[in-house]
Amino acid sequence: TGGGPYSMPTRWETVLTAMGHTVNIQPISVLDNNSFFATTNVLIVSDGTAGYSTTQINTIKAFLQSGKPVYLQTEYLSTYGGNVAFAQIVSALGSSFTWGASQSDDQNPNIFGTFATTNNAVPSLPYYWYGCNGTAGANIFTFIKSTPGGIPLGWSFCPANTSYGKLITTSDQDWIQSAVTYPI
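All figures in this text were calculated on a predicted structure; none of them were measured in a lab. (Residues numbered from 1 in each chain as written. Predicted model: local features only at pLDDT ≥ 70, side-chain atom pairs only at ≥ 80, totals over all residues. Heavy atoms only, no water.)

A.B. asks: Could you give an account of the overall build of the chain, naming the residues involved and the relevant values?
C.D. replies: In terms of helices and strands, the chain carries 3 helices and 8 strands. Reading the secondary structure of the chain in the N-to-C direction produces α-β-α-β-α-β-β-β-β-β-β. Sequence-distant contacts in the chain: of pairs separated by 6 or more residues, those separated by 24 or more amount to 65%. (Helix = DSSP H or I, 4+ residues; strand = E, 2+ residues; numbered from the N terminus. Contact = heavy atoms within 4.5 Å.)

Laid out in structure tokens, this is it:
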């Protein structure tokens, strides 16, 4: 989904294809049922501004419960659909997340931590304009903070049930718009 000058699904496709992945872009309506589960290894929901129905949020949650990871885009306003969905899914799976204030101006994020068995050095992002901070509950780990100030802007939720997949979000996705691929 998406369009306009940023067309985030296309930008995601470019980055992921360059990394050697097969990409299948679908409209948000694919989240109306779970028919895609068997053919999808990782779900990337890239429209953080869209409104998601209860059915679509439950489909994302069920995908996580099937043991597969999800990247759910959130944005700089806590009321956007991706932000609401992230907090609801986290709550439904046993933790809590409360969105805070929007952050504007260049966030100059610091990316740290690892999702793999080895740490990857990640250079500073040249552009990361907006974000939304938040307060994370149990099993949610911050992996992007603004500098200076250390305002959290990206999180990984690892449900207590270890058979579930991880839920990852960043409250802006300007990093995917860059011509440089950042190995987050």
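A.B. asks: I'd like to hear about the packing of aromatic side chains, residue by residue, with values.
C.D. replies: Aromatic rings in a pair are described by how distant their centres are and how their planes are angled relative to each other. Taken as a whole and assessed by the stated rule, the structure comprises 9 aromatic pairs. Taking the centre distance of 5.8 Å and the plane angle of 90° together, the rings of Y76 and Y80 count as edge-to-face. Y80 sits in the partly exposed class, given a relative accessible area of 22%. Grouped by ring-pair contacts, the aromatic residues F86, F97, W99 and W155 constitute a single cluster. (Phe/Tyr/Trp six-rings, centres within 6.5 Å; stacked < 30°, edge-to-face > 60°. Buried < 20%, exposed > 50% of the residue type's maximum accessible area, 1.4 Å probe, protein only.)

A.B. asks: Before we move on, could you go through the nonpolar core and cite the residues and values that matter?
C.D. replies: Counting 27 residues, the largest nonpolar core has L72 and L167 as its most contacted members. Of all the elements in the fold, those that place two or more residues in this core are β1 (43-45), α2 (54-65), β2 (70-72), α3 (81-92), β3 (97-103) and β7 (152-157). At 5 residues, the largest contribution of residues to this core is made by α3. Not counting the four nearest positions on each side in its chain, L167 is found in contact with L64, V70, L72, F86, I89, V90, W155, S156 and F157. In terms of nonpolar packing, the next biggest core, distinct from the first, is built from 9 residues, M8, L16, L153 and I168 among them. (Core = buried A, V, L, I, M, F, W, Y, C linked by side-chain atoms within 4.5 Å.)

A.B. asks: Lay out the packing of α2 against α3 in plain terms, naming residues and giving numbers.
C.D. replies: Running from N to C, α2 and α3 cross one another at 50°; their axes reach a closest spacing of 10 Å. As the angle between them shows, α2 and α3 are arranged oblique. Viewed along their axes, α2 and α3 form a crossing whose handedness is right-handed. The segment α2 lies against α3, with I57, I60, K61 and L64 engaging A85, Q88, I89 and A92. The residue makeup of the contact of α2 with α3, split by class, is 6 nonpolar, 1 polar and 1 charged. (Axes fitted to C-alpha atoms, helices over the stretch in contact; angles between N-to-C directions. Parallel < 35°, antiparallel > 145°, perpendicular 65-115°, else oblique. Left-handed = near helix turned anticlockwise from the far one by under 90°. Nonpolar A, V, L, I, M, F, W, Y, C, P; charged D, E, K, R; others polar.)

A.B. asks: I'd love a proper account of helix α1 (residues 8-18), names of residues and values included.
C.D. replies: Those residues of α1 that fall on the buried side of the exposure criterion are M8, P9, W12, V15 and L16. One face of α1 carries all of its buried residues, which in axial projection span an arc of 130°. The outward face of α1, more than 90 degrees from its buried face, is lined by the exposed residues T14 and A18. The inward-facing, buried residues of α1 contact β1 and β2. Directly beyond the C-terminal end of α1, a positive phi value near 95° is found at G20. (Arc of directions from axis to C-beta.)

A.B. asks: Would you mind going over unusual backbone geometry in detail, with residue names and values included?
C.D. replies: Its identity as a non-glycine residue notwithstanding, N139 has a phi of 65°, on the positive side. In this structure, N139 sits in the loop between β5 (131-136) and β6 (140-146).

A.B. asks: For the confidence of the model for the chain, give the residues involved together with the corresponding values.
C.D. replies: Of the residues in the chain, 78% reach a pLDDT of 70 or more, and the chain-wide mean stands at 83. Between the elements of the chain, mean pLDDT differs from a low of 70, seen in strand β4 (residues 109-111), to a high of 98, seen in α2. Overall, residues 1-5 carries pLDDT values under 50, and its contacts beyond four positions in sequence, including any with other chains, amount to 9 contacts. (pLDDT = per-residue confidence, 0-100.)

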